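# A structural walkthrough
This is what each chain is made of:
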Number of protein chains: 2
Amino acid sequence: MKSNYNKIQEKFGENLRKIREEKDFSLRELSMKCEIDDSKISKIENGKFNIQLSTIIELAKGLGVSPKELLDFDF
Amino acid sequence: MKSNYNKIQEKFGENLRKIREEKDFSLRELSMKCEIDDSKISKIENGKFNIQLSTIIELAKGLGVSPKELLDFDF
DNA sequence: TGGATTGCGGTTATAAATGACCGCAATTTT
DNA sequence: AAAATTGCGGTCATTTATAACCGCAATCCA
């Protein structure tokens, strides 16, 4: 989408990784808790794409946090 | 996606509408503040689809709220 | 040092969001 | 009553996320 939108994807990814590491989950562990392929989670963490609401919800469920926590970073 | 995922889209939509009406914006007003067609916002409010992160960000920007406020409802 | 784990990049097909429109019925405003 | 606003549904082309895989280099660990 926007040229500068990648920045936001990257921040989202960093935040996701931070939360995952706090919980001490590996990509494969998290991938089993939500229904998302581990390679996809890796791509999301690296800001590779613009995920959908359903994916945010799934990730939050897998991590055991509230979805809004995944958006809790500076914009 | 999931069969019960529509529920979440609908809740997201309700929350979006609630915030928009609090701010007293019409669909067309909001559509000018973000870069989203008014008919699309209408569809989102009615839970018609699974929007992307970029769309959440745009809507939040247009509404002048934090993106996580758009996810501030019960799941 | 041999084996498992981990992060991650790539592939391909399919489904779905998006953008840019249009038009209209109902309500609101003048 | 006439004009404008509002919410909303629909179309169609294009882009993109997604699902379900595979394989590999690096790290971990027994």
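What counts, and at which threshold
- Residues numbered from 1 in each chain as written.
- Chains lettered and ligands numbered in written order.
- Predicted model: local features only at pLDDT ≥ 70, side-chain atom pairs only at ≥ 80, totals over all residues.
- Heavy atoms only, no water.
- Contact = heavy atoms within 4.5 Å.
- Buried area = accessible area lost by both parts, 1.4 Å probe.
- Salt bridge = Lys/Arg side-chain N within 4 Å of Asp/Glu carboxyl O.
- Polar contact = N/O pair within 3.5 Å; in protein donor to acceptor, adjacent residues only side chain to side chain.
- Helix = DSSP H or I, 4+ residues; strand = E, 2+ residues; numbered from the N terminus.
- Nonpolar A, V, L, I, M, F, W, Y, C, P; charged D, E, K, R; others polar.
- Axes fitted to C-alpha atoms, helices over the stretch in contact; angles between N-to-C directions.
- Parallel < 35°, antiparallel > 145°, perpendicular 65-115°, else oblique.
- Near = heavy atom within 4 Å.
- Left-handed = near helix turned anticlockwise from the far one by under 90°.

As annotated in an unreviewed UniProt entry, chain A carries the name XRE family transcriptional regulator and is attributed to Mucilaginibacter conchicola.

## Looking at the interface of chain B and chain A
Taken together, the contact pairs 19 residues of chain B with 19 residues of chain A. Summed over both sides, the interface of chain B with chain A buries roughly 1,900 Å², with 71% coming from carbon and sulfur. For the chain B face of the interface with chain A, the top three residues by lost area are Leu53, Lys68 and Leu71 of chain B, together amounting to 31%. The interface formed by chain B and chain A holds two salt bridges in total. Put simply, chain B and chain A have 12 residue pairs in polar contact (both at pLDDT 80 or more) between them. Only helix H1 (5-22) and helix H4 (53-63) of chain B provide two or more residues apiece to the side of chain B that touches chain A. The element best represented in the side of chain B that touches chain A is H4 of chain B, accounting for five residues. Split into classes, the residues belonging to the side of chain B that touches chain A amount to 11 nonpolar, three polar and five charged.

## What to know about the packing of H1 of chain B against helix H3 (residues 38-45) of chain B
Residues and elements named next belong to chain B. It is the contact of H1 with H3, at a shortest axis distance of 7 Å, that shows an interaxial angle of 120°. One way to sum up the angle between H1 and H3 is to call them oblique. Facing Gln9, Phe12, Gly13, Glu14, Leu16, Arg17 and Arg20 of H1, the residues of H3 in contact are Ile41, Ile44 and Glu45. By residue class, the composition of the contact of H1 with H3 is four nonpolar, two polar and four charged.

## Topic: the protein's contact with DNA strand C
Around DNA strand C, a shell composed of 22 residues is seen, among which Leu27 and Gln52 of chain A together with Ser39, Gln52 and Thr55 of chain B lie nearest. When atoms of DNA strand C within 4 Å of the protein are split into backbone and base, the sugar-phosphate part holds 63%. The contact in question runs from a base oxygen of DNA strand C to an N or O atom on the side chain of Lys43 of chain A, over 2.9 Å. For the surface near DNA strand C, the secondary-structure elements that each account for two or more residues are helix H1 (5-22), helix H2 (27-33) and helix H3 (38-45) of chain A together with H3 of chain B. Of all the elements, H3 of chain A adds the most residues to the surface near DNA strand C, at four residues. Within the surface near DNA strand C, the residues separate by chemical class into four nonpolar, nine polar and nine charged.

## Here we look at the packing of H1 of chain B against H4 of chain B
The packing of two helices is summarised by the inter-axis angle and the distance between the axes. Residue and element names in this part refer to chain B. Remark: H1 packs on H4, axes separated minimally by 11 Å, with the N-to-C direction vectors making an angle of 20°. Between H1 and H4, the angle falls in the class roughly parallel. In terms of crossing hand, the pair formed by H1 and H4 is left-handed. Between H1 and H4, the contacting residues are Phe12, Leu16, Ile19 and Arg20 on the first element and Ile56, Leu59 and Leu63 on the second. Here the contact of H1 with H4 is composed, by residue class, of six nonpolar, no polar and one charged.

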